[in-house]
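Listed below are the residues making up each chain.
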Amino acid sequence: MSLSDATPALLVLADGSTYRGWSFGATGTAIGEIVFNTGMTGYQEVLTDPSYCGQIVIFTYPELGNTGINSEDEESTQPHVKGAIARNICYKPSNWRSTQSLPNYLQQHQIPGIFGIDTRALTRKIRTLGAMNGGISTTILDETELLEMVQAAPNMTGLNLVKEVTTPTVYEWLEATTPPWEFNPEAVTKIRETFTVVALDFGIKRNILRRLASYGCRVIVVPADTQPEEILKYNPDGIFLSNGPGDPAAVTEGINTTRALLERQKPMFGICMGHQILGHALGAETFKLKFGHRGLNQPAGLQQRVEITSQNHSFALDPDSLPTATVEVSHFNLNDLTVAGVRHKSLPVFSVQYHPEASPGPHDADYLFEQFVLKMQASRQGTKA
Ligand SMILES: NC(=O)CC[C@H](N)C(=O)O
């Protein structure tokens, strides 16, 4: 496949606006929620992050696919986006790890993409009007017909998408970040014990598993609907609540399990969806942001400390619903002052809305994995971390 083979493609948003471009990846039609990601790197990790299930991603970085696809940067077993929107794409990648081009990869996984789109204008539109459903197609080039399909699609609010991405079976993960890529060698070598962590899989990214393993964790990954008694049979030192797609409020089993596990007072750490589910289990509510946060330079912090973080979320904890007798805010998103992290006031339980595992993104927040391990160590010793 090359640029000369490109065929026309159509993009239609739920508000009726239409954009014409060219097809890359698979032929066919994809309908989903249109969101934008402002990262300048990491498209392969974005495509394979299960949290994007059900979404069509606008990549604002104007050149997509230059470093191709490689076997090491998959964040799960397959890409999960419904579709991709780009300004320009690369058919002939150049990178020592590349094994395939981006258009070929999307074609292989039956994911349509559209390029030649003014992604800046499109992003400004989403930023002004909010995230909305949309469709891209190489076969339906009639605007009214595609718009009807888009308008019939379900809204993201209320959707439980975890069932589509959680692991069907239990597995164990021991693989740490490989030495050439280890960016925090001093911190990881300080940890000399092994901790058993049960990870509730709402759509977990591999680099979370790698970072936990780097800090000495043996991770048992269990399906999202695993009952608390089953989880406790592994005698875990700590519980991890993963990232994942869709509306957290709809993941009632995960919320109930987390609530039951909280009673055991074990160390618990949640990332993104895990943070939202923990919030619900503690009695808080979530709401949908206008267009969410997706990118690699989101500032999070409190008072004088700031971390630059990787983010990918639509929903957030409602600050007014936080049970302030038991929970406090540990981080705010410093762009819009939404809640970016919470911790329990008396239990070794905490969570963040952002992605300390990066992949892609900066490593400022990697210390949170160490914090989790130190809480497990203290809990073993019967002290407080
Ligand atoms: N990355 C995630 O875990 C996303 C959580 C949730 N689906 C949201 O969009 O807010």
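Remember, predicted model here, so these are calculated numbers, not experimental data.

## Brief notes about the overall build of the protein chain
Then, in step 1: In terms of regular secondary structure, the protein chain is built from 11 helices and 19 strands.
Then, in step 2: Over its C-alpha trace the protein chain gives a radius of gyration of 21 Å, about what one expects of a compact globule, namely 21 Å for 385 residues.
Then, in step 3: Along the first, second and third principal axes, the C-alpha atoms of the protein chain reach 65 × 45 × 45 Å.
Then, in step 4: Counting every position in the protein chain, which comprises 385 residues, the buried fraction comes to 59%.
Then, in step 5: Considering only intrachain contacts with a sequence separation of at least 6, the fraction spanning at least 24 residues in the protein chain is 76%.
Then, in step 6: Accessible surface, the protein chain as shown: approximately 15,900 Å² in total, 49% of it carbon and sulfur.
Then, in step 7: Averaging the locations of the 30 positively and 39 negatively charged side chains of the protein chain gives two centres separated by 4 Å.

## Let's talk about the sheet that holds strand S3 (residues 29–37)
Then, in step 1: Around the barrel, which closes on itself, the seven strands sit in the order S1-S2-S8-S6-S4-S3-S9 with mixed pairing between neighbours. In this sheet, adjacent strand axes meet at a mean angle of 35° when their direction is disregarded.
Then, in step 2: Of the pairings in the sheet, the one linking strand S1 (residues 8–13) to strand S9 (residues 132–137) comprises four bridges and is antiparallel in character. Within the sheet, the bridge partner assigned to leucine 13 lies in S9 and is glycine 134.
Then, in step 3: Sitting on the sheet, helix H3 (residues 119–129) touches S1, strand S2 (18–25), S3, strand S4 (55–59), strand S6 (83–86) and S9, and the angle it makes with S4 is about 125°.
Then, in step 4: Of the strands in this sheet, S1, S2, S3 and S9 are in contact with helix H4 (residues 143–152), which crosses S1 at around 50°.

## So, the pattern of salt bridges
Then, in step 1: Under the definition given, this model contains 16 salt bridges.
Then, in step 2: The partner of lysine 205 in a salt bridge is glutamate 357, with the nearest N and O atoms 2.9 Å apart. Note that lysine 205 is positioned in the loop between strand S11 (195–201) and helix H7 (206–214) and glutamate 357 in the loop between strand S19 (349–352) and helix H11 (367–381), a separation of 152 residues in sequence. Judged on exposure class, the residue lysine 205 and its partner glutamate 357 are both buried.
Then, in step 3: For arginine 343, the salt bridge goes to glutamate 328, with nearest N and O atoms at 2.9 Å. Linking arginine 343 in strand S18 (residues 339–344) with glutamate 328 in strand S17 (residues 327–333), this pair joins segments that are 15 residues apart in sequence.
Then, in step 4: By relative accessible area, arginine 343 is classed as partly exposed at 37%.
Then, in step 5: Each of Glu72, Asp73 and Arg97 takes part in salt bridges that share partners, so that together they form one network.

## Let's talk about the site of the ligand
Then, in step 1: Taken together, 13 residues sit near the ligand, with Gly244, Gly246, Cys272, Ser314 and Phe315 positioned nearest.
Then, in step 2: Between the ligand and the protein, one listed contact pairs an oxygen atom with a backbone N or O atom of methionine 273 at 2.9 Å.
Then, in step 3: Here the ligand loses 98% of its free accessible area of 300 Å² to cover by the protein chains.
Then, in step 4: Among the detected pockets, the ligand sits in the largest cavity.
Then, in step 5: Here the shell around the ligand takes four residues from strand S16 (residues 305–317), the largest share from any one element.
Then, in step 6: Looking at the shell around the ligand, its residues break down into four nonpolar, nine polar and no charged.

## Description of the UniProt feature "active site" (unreviewed entry) in the protein chain
Then, in step 1: The sites that carry the UniProt feature "active site" (unreviewed entry) are, in the present numbering, Cys272, His355 and Glu357. What stands out for the annotated residues spanning 86 residues is how close their C-alpha atoms remain, the widest pair being 11.2 Å apart. Of the annotated set named above, Cys272 line the largest cavity.
Then, in step 2: With respect to the secondary-structure elements, cysteine 272 resides in the loop between strand S14 (268–271) and helix H10 (273–281).

## Some thoughts on the environment of proline 245
Then, in step 1: With respect to the secondary-structure elements, proline 245 resides in the loop between strand S13 (238–241) and helix H9 (252–262).
Then, in step 2: Residues proline 245 and serine 314, spaced 69 residues apart in sequence, show a C-alpha to C-alpha distance of 9.4 Å.
Then, in step 3: Ignoring anything within four residues of it in the chain, the contact list for proline 245 reads Pro50, Ser51, Cys53, Leu161, Val162, Val165, Phe202 and Met273.

## Quick notes on empty space enclosed by the protein
Then, in step 1: Taken as a whole and assessed by the stated rule, the structure comprises two cavities of 30 Å³ or more.
Then, in step 2: Its boundaries defined by the atoms lining it, the largest cavity holds a volume of some 110 Å³.
Then, in step 3: Lining the largest cavity are 14 residues; nearest its centre among them are Ser51, Gly244, Gly246, His313 and Ser314.
Then, in step 4: Secondary-structure elements contributing two or more residues to the lining of the largest cavity are H10 and S16.
Then, in step 5: Per-element accounting of the lining of the largest cavity gives the leading share, four residues, to S16.
Then, in step 6: Of the pockets and cavities examined, the second largest cavity occupies roughly 70 Å³.
Then, in step 7: Taken together, Asn37, Val46, Asp49, Tyr52, Lys205, Leu296, Ser310, Gln311, Asn312, His355 and Pro360 make up the full set of residues lining the second largest cavity.

Criteria and cut-off values
- Residues numbered from 1 in each chain as written.
- Predicted model: local features only at pLDDT ≥ 70, side-chain atom pairs only at ≥ 80, totals over all residues.
- Heavy atoms only, no water.
- Helix = DSSP H or I, 4+ residues; strand = E, 2+ residues; numbered from the N terminus.
- Rg over C-alpha atoms; globule rule 2.2 N^0.38 Å.
- Buried < 20%, exposed > 50% of the residue type's maximum accessible area, 1.4 Å probe, protein only.
- Contact = heavy atoms within 4.5 Å.
- Areas by Shrake-Rupley, 256 points an atom, 1.4 Å probe, with all protein chains shown as cover.
- Lys, Arg positive; Asp, Glu negative; His and termini not counted.
- Charge placed at Lys NZ, Arg CZ, Asp CG, Glu CD.
- Pairing = 2+ DSSP bridges.
- Axes fitted to C-alpha atoms, helices over the stretch in contact; angles between N-to-C directions.
- Salt bridge = Lys/Arg side-chain N within 4 Å of Asp/Glu carboxyl O.
- Near = heavy atom within 4 Å.
- Polar contact = N/O pair within 3.5 Å; in protein donor to acceptor, adjacent residues only side chain to side chain.
- 1 Å grid on protein atoms, 1.4 Å probe; cavity = no way out; pocket = protein on both sides within 12 Å on 5 of 7 lines; lining within 4 Å.
- Sits in = over half its atoms within 2 Å of the grid points.
- Nonpolar A, V, L, I, M, F, W, Y, C, P; charged D, E, K, R; others polar.
- UniProt positions renumbered as here; feature names shortened; annotations may be inferred.
- Points joined across faces, edges and corners; volume = space filled by probe spheres on them.

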